[in-house]
Protein chains: 2
Amino acid sequence: MLRTHTCGELRISDVNKEVTLTGWVQRSRDKGGMLWIDLRDRYGITQLILEEGKTDASLLAAARQLGREFVIRAKGVVVERLSKNDKIATGEIEVRVSSIDILNTSKLPPFTIEDDTDGGDDLRMKYRYLDLRRSVVRENLLLRHKMAQQTRAYLDSQRFIEVETPVLIKSTPEGARDFVVPSRLNHGEFYALPQSPQTFKQLLMVSGFDRYYQIVKCFRDEDLRADRQPEFTQIDCEMSFITQEDILNTFEGLVRHLFKNVKGIEIPSLPRMTYDDAMKYYGSDKPDTRFDMKFVELNDVAKGRSFSVFDEAELVVGICASGCAGYTRKQLDELTEFVKRPQIGTKGLVYVRFEAGGAIKSSVDKFFQESDLKKIGEKFGAQPGDLVLILAGARDKTRKALNELRLLMGTQLGLRDKNKFSALWVLDFPLLEWNEETNRWFAMHHPFTSPKPDDIKLLDSDPGAVRANAYDCVINGTEVGGGSIRIHDRGTQQLMFSKLGFSDEEARRQFGFLMEAFEFGAPPHGGIAFGFDRLCSLFGGSDSIRDFIAFPKNNAGRDMMIDTPATILQEQLDELGIAVKVAKP
Amino acid sequence: MLRTHTCGELRISDVNKEVTLTGWVQRSRDKGGMLWIDLRDRYGITQLILEEGKTDASLLAAARQLGREFVIRAKGVVVERLSKNDKIATGEIEVRVSSIDILNTSKLPPFTIEDDTDGGDDLRMKYRYLDLRRSVVRENLLLRHKMAQQTRAYLDSQRFIEVETPVLIKSTPEGARDFVVPSRLNHGEFYALPQSPQTFKQLLMVSGFDRYYQIVKCFRDEDLRADRQPEFTQIDCEMSFITQEDILNTFEGLVRHLFKNVKGIEIPSLPRMTYDDAMKYYGSDKPDTRFDMKFVELNDVAKGRSFSVFDEAELVVGICASGCAGYTRKQLDELTEFVKRPQIGTKGLVYVRFEAGGAIKSSVDKFFQESDLKKIGEKFGAQPGDLVLILAGARDKTRKALNELRLLMGTQLGLRDKNKFSALWVLDFPLLEWNEETNRWFAMHHPFTSPKPDDIKLLDSDPGAVRANAYDCVINGTEVGGGSIRIHDRGTQQLMFSKLGFSDEEARRQFGFLMEAFEFGAPPHGGIAFGFDRLCSLFGGSDSIRDFIAFPKNNAGRDMMIDTPATILQEQLDELGIAVKVAKP
């Protein structure tokens, strides 16, 4: 090694040792006779000192020329610092330098390599290798490494086997769009990149592997929203000879193991909530349960008071914001504006203030007597000082809108602390959901999810009422994982494909191998996949998965650093037997 | 769980326990009043017993109907076996069955699920999920899992960080062919799949990550030879602030750790051999050092005896096969035929027999006196009973041919035992190699490999003589890993690209980001990549990497099970802005 120690390991007990350090010049301070250099590497920062009189004059002169981000090798002796720095682990010592080699110079970086950088997003992405030098970004990737280690440690302890599944697979147009790869050896034919290893992990169960996992890259060619990546990583798992209960227990174990071993937090056993309850009480299948503020349905007390907005609504439903009775007119107007935005789309907001003094005031005083408002307050258990916010309209849309309002209130009230964690299971999802645009049923999870046996009889008469053996793991209002007990017989799988509008021929062409496999002794099985990028960002207290990916793509799917996608040579296109039809303008 | 125990865990100490097992019917034996069923899962096989009189008659009748590979759940009591089977871990007990549920039926598999199967290669690949049920194949994947676990354990202990690098990157036509992925959002532009994460791991070093690793999928669109896969897995590593010595020591540590912890074998420290010596003594840069049989060069004793084949040859070189003096004329003719095959391409083989009785006989007795032959024998240290085999011709071609002959002799003499391991480093590779077809120099390793500082001066005058800071790890005649100390300054990297025939514009377009990164404080760094599939097959004692890949592709790059590559919808092509020019006939 070019060094004897890293920049993070010297302590007071090392005083008088001859050491050699390597790293980057973080900053220099030149106080006349004294020159200090902060030398940085992955492991920390160590202060170097050079002093007129004590340091060779030519060395001092050379050291004064070192620029930010120069890579150097410094030899010297560890000495105790006069003024100690208790913010860094090496803060009790410094190294009195006897020689310096410049291992590489550096141009002035386009932004400062500090926790608070002056670099904008585009610039930092273009020079991602410099952005990664910032300790906040490096810590994110170290966290990710630890998450992967601990995931493997837990699953290994549960006798899961890591098996690599192929990346060059077959396009299956159901679901999201595939990235495809033209085959040079078979002109006109293509591989596709996997959206998940779903069918392969099921085949591994058919093979008897019993417990499989993989931390694996997956791909989706979707129009990118903020914080979606065309390539992303899953913790992908599958188990045989299990019931849903076994899956929930095993992966609750994983989540708790990660919290304990990565964050040092003991979280309680994960509560379970049905999809129906999640929608009823939170208006979302991924409720943020860090705070309560549950929905209360008010049809019985809100209707029949000649207030047509309520009378004509399918659902009148509200939340109670503790201690918000003092909200000003302006604040209430802002909330009203919020719920009237096109993305949320309600017609208005009704409020009831339960003032600290006991008075009750509402925006519907014209229609409601105080006794009516009291009844509403009782339904919430509202206390003096609370504010009840009510929406009305079509059931699903109103619930969705109230979910947004609830989250906004949670944020405003500081109830969504990124360092607090609330995890739960949401269960009993519908098997199918109706798509208005294409006018057909889609699998809510995916076509391999099994219906609840009791509900199969409804598949023809009331498809939307059929519940699935499907479950999501939700933390802080984010779906971090989802899975299901799978279909494991050909008959049910064929029935499912036909309900989803596949012709027999389409089903056979795309998934014939799986249905055939089910005829050779497929065991009962099920599994789950966790979004690893999302899980890391959640553990890291960030909203952005990009912060936890070493080399992410931007919202246009472009890697700004290597500047890709890019054109390829005509020769390459010819070899692949394809032509570009519409060149970029 | 649907079971209380696996099929691999019951022992004599479990006798009298009520248990529930699940698994596949491996086979049944019906001996009149007794029916035995071998029940199999990933963990082992347990024998079930049903007996007329003791077992319910309808249960016995139903059990007699169970076919091979049916999936069942059996309840019963553990009893001691009358006739024990010491070949399996559960061989002292059996389970007296009280009930059986059929969890799934099975059609008759297209081949037998046994270690020695009757299924041909194509059939087994088509039904790979059944092939994977065979314990030999399952064991291979369990070995692979263990290899990955132990690789991570070692590298974690050495403070390496696992970082995921992107799969959708940029095409760089230097080297092997890329697989490309058309971009839907940028018509006419493409991503490429990585042949290795080379540039990204170097950028991670520029970022200060210091020690990186990844077990990662890589892709090469090559014409497939036997035992090459379009997607393959690497253990990819890089370190900063190191010398070549540090890399060799660190990864010798990995190799020895794997042998110790996966195979239970302590291998000695890895010997080191220069590329020049490897070529001189073994005619190969990946010598099989499980056996000696080194080349001996004979120009001094072979020339000048009026034997024109030797006199006109650039090199006369031979090996000594111990104890082979008794080879028959037929055996010697076969060896001659072998070296005259077009793939090997020598004109003939000279032998000298040092017979047990002391006589010396050769195929060149016409030209060589016994004293000449004795001198040749002395050069080999040949003993009575040994056979010396000699080739002559152009140096490099003759060495290559003699390498093939040496390996053949090693195989014939049983010196290449798959359960014996000999590992070494080959060092000081040439930086460049001349390609006759394209009439230019290519990087022997890759364009990021640094030349030895002493040799840089030869880059213009004698490019072929420039040695690189490059090294291969060779085990049993297979290159399992290779790497180099990298260039870390823009000037040298530019020089290298220009020697490789890149125009400045090409270099900038393809690798501008890397050269730019080198200007912002790149540390000295180097690394290595191990072929993980190959390493697993070597540890598993197999010549075929396919046996160690769950879902491999065949030699035409096709996955026979899911039948891909395949055509995609016109709609998909349209969205991607590409057209198929030449459809498959």
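Q: Let's hear about the sheet that holds strand β22 (residues 525-531) of chain B: which residues, and what values?
A: Residues and elements named next belong to chain B. Taken in spatial order, the eight strands make up an open sheet running β6-β9-β10-β22-β21-β20-β17-β11, and their pairing is mixed. In this open sheet, the two strands that pair with only one neighbour each are β6 (161-162) and β11 (272-274). Contacts between helix α5 (residues 198-206) and the sheet are confined to β9 (211-219), β10 (231-240) and β22, with β10 contributing the most and set at about 20° to the helix. Of the strands in this sheet, β10, β11, β17 (423-427), β20 (470-475), β21 (478-485) and β22 touch helix α6 (residues 244-263), which is tilted by about 15° from β20.

Q: Please provide a residue-by-residue account of the relation of the copies chain B and chain A, values included.
A: With an RMSD of 0.1 Å, the operation that places chain B on chain A is a rotation of 180° combined with a shift of 0.0 Å along the axis. Here the copies are linked by what is in effect a two-fold axis.

Q: How would you summarise the state of the cysteines if you had to cite specific residues and measurements?
A: Residue and element names in this part refer to chain A. The final tally for this structure, using the stated rule, is zero disulfides over all chains. There is no disulfide at Cys237, and the cysteine sulfur nearest it, in Cys473, is 12 Å away. Here Cys320 stays unpaired: no disulfide links it, and the sulfur of Cys324, its closest cysteine neighbor, is 8.6 Å away.

Q: Give me the sheet that holds strand β3 (residues 44-51) of chain A: which residues, what numbers.
A: All names here are of chain A. Spatially, five strands are ordered β1-β2-β3-β5-β4 in a closed barrel, and the strand pairing comes out mixed. Here the strands of the sheet are splayed against their neighbours by 55° on average, with no regard to which way each runs. Where strand β2 (residues 34-41) meets β3, eight bridges bridge the pair, whose relative direction is antiparallel. In the strand pairing of β3, Asp41 is matched with Gly44.

Q: How would you explain the pairing of strand β3 (residues 44-51) of chain B if you had to name every residue and give the values?
A: Residues and elements named next belong to chain B. Most of β3 sits inside the fold, with seven of its eight residues counted as buried. Adjacent in sequence and paired antiparallel, strand β2 (residues 34-41) and β3 are bridged by two residues. Bridge analysis of β3 against strand β5 (residues 93-104) gives two bridges, and the strand direction is parallel. Residue pairing in the sheet places Leu48 in a bridge with Val95 of β5.

Q: Could you give me a rundown of the domain arrangement of chain A, with the residues and numbers involved?
A: What the domain assignment reports for chain A is domain 1 (12-104), domain 2 (140-272 + 424-548) and domain 3 (291-416). The C-alpha centroid of domain 3 of chain A is placed 62 Å from the C-alpha centroid of domain 1 of chain A.

Q: Describe empty space enclosed by the protein, naming the residues involved and giving the relevant values.
A: Going through the model one piece at a time under the given rule, you end up with 12 cavities of 30 Å³ or more. When its volume is computed, the largest cavity comes out at roughly 510 Å³. Taken together, 31 residues form the lining of the largest cavity, with A:Ile215, A:Val216, A:Lys217, B:Ile215 and B:Val216 sitting closest to its centre. For the lining of the largest cavity, the elements supplying multiple residues, two or more each, are α4 (135-157) and β9 (211-219) of chain A together with α4 (135-157) and β9 of chain B. Broken down by element, the residue count for the lining of the largest cavity peaks at five residues, all from β9(B). Residue classes in the lining of the largest cavity are distributed as 13 nonpolar, eight polar and 10 charged. Along its surface, the second largest cavity is lined by 17 residues, and A:Lys217, A:Ile549, A:Ala550, A:Phe551 and B:Glu164 are the ones closest to its centre. Residue assignment for the lining of the second largest cavity shows that the elements contributing at least two residues are α4 and β10 (231-240) of chain A.

Q: Account for the packing of helix α5 (residues 198-206) of chain A against helix α15 (residues 504-517) of chain A, naming residues and giving values.
A: All names here are of chain A. Taken N-terminus to C-terminus, the directions of α5 and α15 make an angle of 20°; their axes are 10 Å apart at the nearest point. The orientation of α5 with respect to α15, classified from their angle, is roughly parallel. Note that α5 runs across α15; the crossing there is left-handed. For the pair α5 and α15, the contacting residues are Thr199, Gln202, Leu203 and Val206 in the first and Phe511, Phe513, Leu514 and Ala517 in the second.

Q: Please provide a residue-by-residue account of the pairing of β2(A), values included.
A: Residues and elements named next belong to chain A. Counting buried positions along β2 yields seven of eight residues, so the element is predominantly enclosed. Across seven bridges, strand β1 (residues 18-31) lies against β2 in antiparallel orientation. Paired with Val25 across the bridge in β2 is Leu39. Hairpin connection, β1 to β2: the antiparallel pair is bridged by two residues, and Gly32 has positive phi, about 60°.

Q: Talk me through the packing of α4(B) against helix α16 (residues 532-539) of chain B; I want residue IDs and the actual numbers.
A: All names here are of chain B. The interhelical angle for the contact between α4 and α16, taken along N-to-C directions, is 115°, at an axis separation of 10 Å. Seen along the crossing, α4 lies across α16 with a hand that is right-handed. In this structure, α4 contributes Leu143, Arg144, Met147, Ala148 and Thr151 to the contact, and α16 contributes Phe532, Asp533, Leu535, Cys536 and Phe539. Residue classes in the contact of α4 with α16 are distributed as seven nonpolar, one polar and two charged.

Q: Go over the interface of chain B and chain A with me, naming the residues and quoting the values.
A: Opposite the 126 residues of chain B that make contact, chain A presents 125 residues. Both sides together, the interface formed by chain B and chain A hides about 11500 Å², and carbon and sulfur atoms give 58% of it. Summed over the shared surface of chain B and chain A, the number is 18 salt bridges. A salt bridge links B:Arg184 to A:Asp223; its shortest N-O distance comes to 3.1 Å. Across the side of chain B that touches chain A, the residue classes tally to 66 nonpolar, 26 polar and 34 charged. As judged from the three bridges shared by strand β23 (residues 578-580) of chain A and strand β23 (residues 578-580) of chain B, these two strands associate in the antiparallel manner. Its bridge partner lying in β23(B), A:Ala579 is registered against B:Ala579.

Q: Would you mind going over the environment of B:Ser284 in detail, with residue names and values included?
A: All names here are of chain B. As for its position among the elements, Ser284 is in the loop between α7 (275-282) and β12 (296-297). Judged by its relative accessible area of 9%, Ser284 falls in the buried class. Separated by 120 residues in sequence, Ser284 and Glu404 place their C-alpha atoms 9.1 Å apart. At 2.9 Å, the side chain of Ser284 and the backbone nitrogen of Lys286 are in polar contact.

Q: Could you give an account of the side chain of A:Asn554, naming the residues involved and the relevant values?
A: Residue and element names in this part refer to chain A. Looking at where Asn554 falls in the secondary structure, it is placed in the loop between α16 (532-539) and α17 (570-576). The exposure class of Asn554 is buried, given its relative accessible area of 17%. Only 2.8 Å separates the side chain of Asn554 from the backbone nitrogen of Ala556, close enough to count as a polar contact. The residues contacting Asn554, other than those within four sequence positions of it, are Leu224, Arg546 and Met560.

What counts and how
- Residues numbered from 1 in each chain as written.
- Chains lettered and ligands numbered in written order.
- Predicted model: local features only at pLDDT ≥ 70, side-chain atom pairs only at ≥ 80, totals over all residues.
- Heavy atoms only, no water.
- Pairing = 2+ DSSP bridges.
- Helix = DSSP H or I, 4+ residues; strand = E, 2+ residues; numbered from the N terminus.
- Contact = heavy atoms within 4.5 Å.
- Axes fitted to C-alpha atoms, helices over the stretch in contact; angles between N-to-C directions.
- Least-squares fit on C-alpha atoms with pLDDT ≥ 70 in both.
- Disulfide = S-S within 2.5 Å.
- Buried < 20%, exposed > 50% of the residue type's maximum accessible area, 1.4 Å probe, protein only.
- Domains from an automatic or database assignment.
- 1 Å grid on protein atoms, 1.4 Å probe; cavity = no way out; pocket = protein on both sides within 12 Å on 5 of 7 lines; lining within 4 Å.
- Points joined across faces, edges and corners; volume = space filled by probe spheres on them.
- Nonpolar A, V, L, I, M, F, W, Y, C, P; charged D, E, K, R; others polar.
- Parallel < 35°, antiparallel > 145°, perpendicular 65-115°, else oblique.
- Left-handed = near helix turned anticlockwise from the far one by under 90°.
- Buried area = accessible area lost by both parts, 1.4 Å probe.
- Salt bridge = Lys/Arg side-chain N within 4 Å of Asp/Glu carboxyl O.
- Polar contact = N/O pair within 3.5 Å; in protein donor to acceptor, adjacent residues only side chain to side chain.

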